[in-house]
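Chain residues, written in single-letter form:
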Amino acid sequence: MSQPKVLRVAVNAPLARLFDYLPPRQPADLAAASMQPGARILVPFGRQQQTAMIVDTAAESTIPVTKLKHAVACIDPAPLLSDADLWLLRFASSYYQHPIGEVIAAALPANLRAGRSLSPVTKQLDTTEAGASVDLDKLLKRAPKQAALLAALRANESLSFEQLDERIDGWRRCYKALLNKEWLTVSEIAAREQLPGKHLVHAGPPLNMDQSAALAAIRERSGFQVHLLDGVTGSGKTEVYIHLIEEHLRAGRQTLIIVPEIGLTPQLVTRLEERLGQTPAVLHSGLSDTARLTAWRQARNGQAGVVLGTRSAVFVPLRNAGLFIVDEEHDNSLKQQEGFRYSARDLAIARAKQLQAPIILGTATPSFETVKRCDDGAYQRLSMPVRAGGAAPPLLRLVDLSREPANDGISSVAISAMDKTLRAGAQVLVFLNRRGFAPTLICGGCGHIAECSRCDARMTVHLSGNELRCHHCGAARAIDSVCDRCSGTYRPLGHGTERLEDTIRLHFPLHSIARIDSDTTRLRGAMNRALADATAGETRILIGTQMLSKGHHFPNLTLVVVVNADQGLFSTDFRGAEKLAQGLLQVAGRAGRERQQGEVLIQTAYPTHPFWEELIKGGYEKVSANGLEERSRTAWPPYSRLALLRASSHQKNLAQSFLESVKGKLAAIDISEVRVLGPVSAPMERRAGRYRSQLLFQSVNRQALQKLLQDLRNSLEQDAGARKVRWSIDVDPIELF
Ligand SMILES: [Zn+2]
Ligand SMILES: [Zn+2]
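Residues numbered from 1 in each chain as written. Chains lettered and ligands numbered in written order. Predicted model: local features only at pLDDT ≥ 70, side-chain atom pairs only at ≥ 80, totals over all residues. Heavy atoms only, no water.

Participant: For this particular structure, what's the right way to read the sheet that holds strand E21 (residues 460-462)?
Facilitator: As a general point, the strands of a sheet are linked pairwise by backbone hydrogen bonds and lie either parallel or antiparallel. An order of E21-E22-E23 is seen for the three strands of this open sheet, with the pairing classed as antiparallel. A single partner strand is all that each edge strand has here, and the edge strands are E21 and strand E23 (476-478). Going across the sheet, the axis of each strand differs from the next one's by a mean of 30°, ignoring polarity. Note: E21 against strand E22 (residues 467-469), three bridges, orientation antiparallel. Looking at E22, one finds that His-462 is bridged to Glu-467. (Pairing = 2+ DSSP bridges. Helix = DSSP H or I, 4+ residues; strand = E, 2+ residues; numbered from the N terminus. Axes fitted to C-alpha atoms, helices over the stretch in contact; angles between N-to-C directions.)

So this is what it looks like as structure tokens:
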């Protein structure tokens, strides 16, 4: 390996291009392995030094050598990322039109981004010459703790912080005094690697016919293949995953499992531990930086046979990848909605294809995109329509709110069904995807509605904190009591989970009730405690938002009440029906999982809306078949590809006129294969003080769209007008506004 002449480096900055540097000057840093693609390097950038990554090397630069700067120092003794890892990052950067440096930064744990060492490090103390000649007897009289520490170090030469913790009480309180006297030095050393925990292996339940058939079909194909494991809640998808993971483990290969943020439950981790005999390396945003780095390292060096993580885990390096699994593949949270807007599912598929490995997409309600890929024959669809153990699917029933008025949000039909269920000793889940006490505060005198001063949105009433909160920007203020327009009195209008809890407590004062939403589970561990109580059966009535609808299994739950699903019926989003059906079936899946059939009551003021017949009589298959037919007629995805250019500014109309000028410039180039729609302002134009607009691009030709977006991105980076607004490109957007 010879030393490269020019290093092509990605810097964490909003610029798409690479930057050329010469190797560092210091001879100590000239190890060739430290200067290969995938290794980090410290470079001068602007007025600072930055940790950057070498993406490429070259014999020469387009910039004259005299103008090139030297890198400051190498960081890694060998590349952190393999060629395959770098390929994924470069692919993601170009497909999602996001600067490579920011993509790499998003893929690395914080400690590595900051330039720290990959190997585990700890600190140790040594005595200096001065420290070695101190009179310990004298010191003992003045400062006995300091003397004890110094004596221990003199007897052992050096001790790590962990060794000191074991031997000397309270040493951390006094060692700084000794450092100040220059009797000690502190230095960083390599720490022992912590290995993933080992557990006893428990046998699983016998497989049913559907599970065995799915496994056989997956095993039949070697190399890259996308398999859709289309199984209703409770059909035993996890059991299929486990059998496949076991096979790959035996062959020495790793499995990467990606789950939505909310689907990563302690239940799943425990189950994998018990069945596979080893703790998966877990990666999610709630971990400490050190824990994340440890998991990342164990994935990279192959110590972790199973890696389980949320969205960004799709980028984790794997020494010997064998299998990819994306659970709840339809879930919107697999697409990042800000900054670097990537789909973890789609990147996992690209990665599996690159590595010629199989990938399983698991869900009870596949996205319409995935259904179409199956219909086209590109993906293999494996159906598991029956709950494992033969339990009957939950019964969906509508409650007509035009005949059964819902006092305080919940109808008498629902109340009596709850009563019956509770008498039978079972649990009830009341689902309402709206937190707070009421979504609106209205003046009884003049009808004035309390609004956020920074958004075009109403304030939500939160009685517990006695305040109004904006769910879009987080602004909060005390509840207005008297209207300053007419001196009338304000009253809350509509229902959120907080108000629903009050109502239900009035009806069922003797039962234990838990509300689980992001307001009640803000403290670390609160969610897990609440779920543990519910699983143990201590909580009889659960009230919650979609936080409660995913992943978690309540063995004694037989009734679900959906308080209000009507907003979804009239959504302007072309994905409205798809999302509504997915959300409803997901929450319905909580009902009646073991011996007893569950029931789902859906309150609606529009029982004759065609969506209900489609869902109740035809199930999700009917909803997706009809939905795809409509999309094919209207040419929405998956029958076309979309991308959005979003812009926002504090000044009204600036974003809109910026997008108009962008559209004007596009007229000069050939965009015959791409439709450009807009610009239009977002339905909620002002959010957190910024006015928002967008331009929509639509094409059936992916290459044509990609080419246009790339040209657009390059020209916007040079465009002075673009600096006056905040803009972003969203490829395959989930939210159109
Ligand atoms: Zn008023
Ligand atoms: Zn707001």
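Participant: Explain the coordination of the zinc ion (ligand 2) to me, please; I cannot follow it from the model alone.
Facilitator: Reference geometry at the metal: tetrahedral coordination by four donors gives ideal angles of 109.5 degrees; octahedral coordination by six donors gives 90 or 180 degrees. Protein coordination at the zinc ion (ligand 2) comes from Cys-452 (SG), Cys-455 (SG), Cys-470 (SG) and Cys-473 (SG), with a distance range of 2.2 to 2.4 Å. Around the zinc ion (ligand 2), the four donor atoms sit at angles spanning 105 to 113°, and that spread fits a shape best called tetrahedral. Sequence positions of the donors to the zinc ion (ligand 2) reduce to the motif C-x2-C-x14-C-x2-C. On the accessibility criterion, Cys-473 (21% relative accessible area) is partly exposed. (Donors = N, O, S within 2.8 Å, 3.2 Å for Na, K, Ca; no water. Tetrahedral: all angles 85-135°; square planar, octahedral: opposite > 155°, others 65-115°. Buried < 20%, exposed > 50% of the residue type's maximum accessible area, 1.4 Å probe, protein only.)

Participant: Explanation requested: the coordination of the zinc ion (ligand 1) in the structure shown.
Facilitator: Distances from the zinc ion (ligand 1) to its protein donors, Cys-443 (SG), Cys-446 (SG), Cys-483 (SG) and Cys-486 (SG), fall at 2.3 to 2.4 Å. Seen from the zinc ion (ligand 1), its four donor atoms lie at angles of 96 to 114°, and the figure they make is tetrahedral. Linear spacing of the donor residues for the zinc ion (ligand 1) on their chain is C-x2-C-x36-C-x2-C.

Participant: Whenever I open this one, the packing of aromatic side chains confuses me. Can you help?
Facilitator: The geometry of two aromatic rings is summed up by the distance between their centres and the angle between their planes. Enumeration over the complete set of coordinates arrives at 15 aromatic pairs. Where Tyr-96 meets Phe-340, the ring centres are 6.5 Å apart and the plane angle is 70°; that geometry is what we call edge-to-face. Within this pair, whereas Tyr-96 is found in the loop between helix H1 (83-95) and helix H2 (100-107), its partner Phe-340 is found in the loop between strand E13 (321-327) and helix H13 (344-355), the two being separated by 244 residues in sequence. Summarising the burial analysis for this pair, Tyr-96 and Phe-340 share the class buried. An aromatic cluster of three or more residues is present, and its members are Trp-87, Phe-91, Tyr-95, Tyr-96, Phe-315, Phe-340 and Tyr-342. (Phe/Tyr/Trp six-rings, centres within 6.5 Å; stacked < 30°, edge-to-face > 60°.)

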